[in-house]
Amino acid sequence: MPDQADQLRHLVRQAVRRLPALGPLPPVVAVTGAASGAGTTALACEAARELTSLGQRVLLVDANVTNPRVVEHFGLHPRGAIHDVLSGERRLIEASVPLDQGLMILGGRGDRTPPPPLDLSAQDRLLEELAASRSALDFVLVDGGVAGTPWTDRLWQLAQQILLAATPAAGDLRAAYAAIKLARQESDDPGLGNGRLRLVVTAESGSPRAAQAAEKFADTCQHFLGLNIGHALLLPPRRDDLAEASDVRQQAMRNLAAEILSYYHVTTTRVRVNRTRNSHPAE
């Protein structure tokens, strides 16, 4: 099993080097969990909704190919799935479901159908479809499931921003740290700091335990990895039976969507400035 994982990660690195030949992608936000049950699907779905409320055209991709939940979250009955795009049986536009407010869903199959091989050909098909849709999309949000796999390694390397969900449990935070450490070891471009990676801790609003755990986690990343991940977002769990908790969570998600949009504009401006400077070097 370790040999197979190493081979898959080698494919990931090869594919990322080939990315420029595939054309530019829309801004990608990867949503992954430190462990199963961290709430990545709810986080991805709610972030997509809030981005569309800000006037953005969003494609939400369920790339958790072994345990897809996005379609179930929205109560959809799609005509296609990411499996079809990865296998080349359908184009992205054919497999996606349009919703209101500029949101499109590329779901997974909930019938336990095994995913196609996640090899270079399958990954390139998906990237080519995303590149072809660039003019129609402002953001692509990807629910990648649990972090630390070769598949999520690829998503992290492609993403402009990464949301890593965890609970305050020590085991969850250890898994989050391990995923970050592995990503830095495997990536040719290990830059995960300064806002690119955001830890999202699901905990009761105002929980001192969660706040302390998040602060300690950030200090650990800074001390041992030299990585500044900033302040974690403390996200109250979904509580349909408590209106106040629901309102606090919705406001937190609105703030997160605004931060995603702001980060994109800031980094885009920096890239443009750097390109201008490089094309007009000082004499």
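Up top is the structure.
The structure presented is a predicted model; accordingly, all values stated were derived computationally and were not measured.

Conventions and cut-offs
- Residues numbered from 1 in each chain as written.
- Predicted model: local features only at pLDDT ≥ 70, side-chain atom pairs only at ≥ 80, totals over all residues.
- Heavy atoms only, no water.
- Helix = DSSP H or I, 4+ residues; strand = E, 2+ residues; numbered from the N terminus.
- Buried < 20%, exposed > 50% of the residue type's maximum accessible area, 1.4 Å probe, protein only.
- Contact = heavy atoms within 4.5 Å.
- Areas by Shrake-Rupley, 256 points an atom, 1.4 Å probe, with all protein chains shown as cover.
- Pairing = 2+ DSSP bridges.
- Axes fitted to C-alpha atoms, helices over the stretch in contact; angles between N-to-C directions.
- Core = buried A, V, L, I, M, F, W, Y, C linked by side-chain atoms within 4.5 Å.
- Expected span 1.5 Å × (residues − 1).

Chemist: How should I be thinking about the overall build of the chain in this particular structure?
Modeler: Helix and strand content of the chain: ten helices and eight strands. Relative to its full complement of 283 residues, the chain shows a buried share of 49%. In the chain, once contacts between residues fewer than 6 apart in sequence are set aside, the share between residues at least 24 apart is 78%. Total accessible area computed for the chain in this model is approximately 14100 Å², and 50% of it derives from carbon and sulfur atoms.

Chemist: Sorry if this is basic, but what is going on with the pairing of strand S1 (residues 28-33) here?
Modeler: The side chains of a regular strand alternate between both faces of the sheet. Along S1, six of the six residues are buried, which leaves the element largely enclosed by surrounding structure. Side-chain alternation along S1 places Val28, Ala30 and Thr32 on one buried face and Val29, Val31 and Gly33 on a second face that is also buried. In the sheet, S1 pairs with strand S5 (residues 139-146) via six bridges, with the strands oriented parallel. Across the sheet, Val31 pairs through a bridge with Asp143, a residue of S5. As paired strands, S1 and strand S6 (residues 161-166) are joined by five bridges and run parallel to one another. Paired with Gly33 across the strands is Ala165, a residue of S6.

Chemist: Would you take a moment to explain the sheet that holds strand S7 (residues 197-202) for this structure?
Modeler: Two strands in a sheet stick together by hydrogen bonds in their backbones, pointing the same way (parallel) or opposite ways (antiparallel). One open sheet accounts for eight strands, arranged S3-S4-S2-S5-S1-S6-S7-S8; its pairing is mixed. Each of the sheet's edge strands pairs with one partner strand only, and the pair in question is strand S3 (97-98) and strand S8 (233-235). Packed on one face of the sheet, helix H7 (residues 150-158) meets S1, S5, S6 and S7 and runs near 145° to S1.

Chemist: Hey, could you run me through H7 in this one?
Modeler: Within H7, nine of the nine residues are buried, which leaves the element mostly enclosed by the surrounding structure. Buried residues of H7: Pro150, Trp151, Thr152, Asp153, Arg154, Leu155, Trp156, Gln157 and Leu158, and no others.

Chemist: Explain the nonpolar core to me, please; I cannot follow it from the model alone.
Modeler: Considering soluble globular proteins, one finds that nonpolar side chains tend to be buried as a cluster. Among the nonpolar cores identified, the biggest contains 52 residues, and Leu59, Leu106, Trp156, Ile180 and Phe217 are the most heavily contacted of them. Per-element tally for this core: the top contributor is helix H9 (residues 208-225), with seven residues. Each residue touching Phe217, except ones within four places of it in the same chain, is listed here: Leu173, Ala176, Tyr177, Ile180, Leu199 and Ile229.

Chemist: Sorry if this is basic, but what is going on with helix H6 (residues 120-132) here?
Modeler: An α-helix turns once per 3.6 residues; consequently, residues spaced three or four apart project the same way. Over its 13 residues, H6 runs 18 Å from end to end, which matches the ideal 18 Å to within 8%, given 1.5 Å per residue. Here H6 has its buried residues at Leu120, Ala122, Gln123, Asp124, Leu126, Leu127, Glu129, Leu130 and Ala131.

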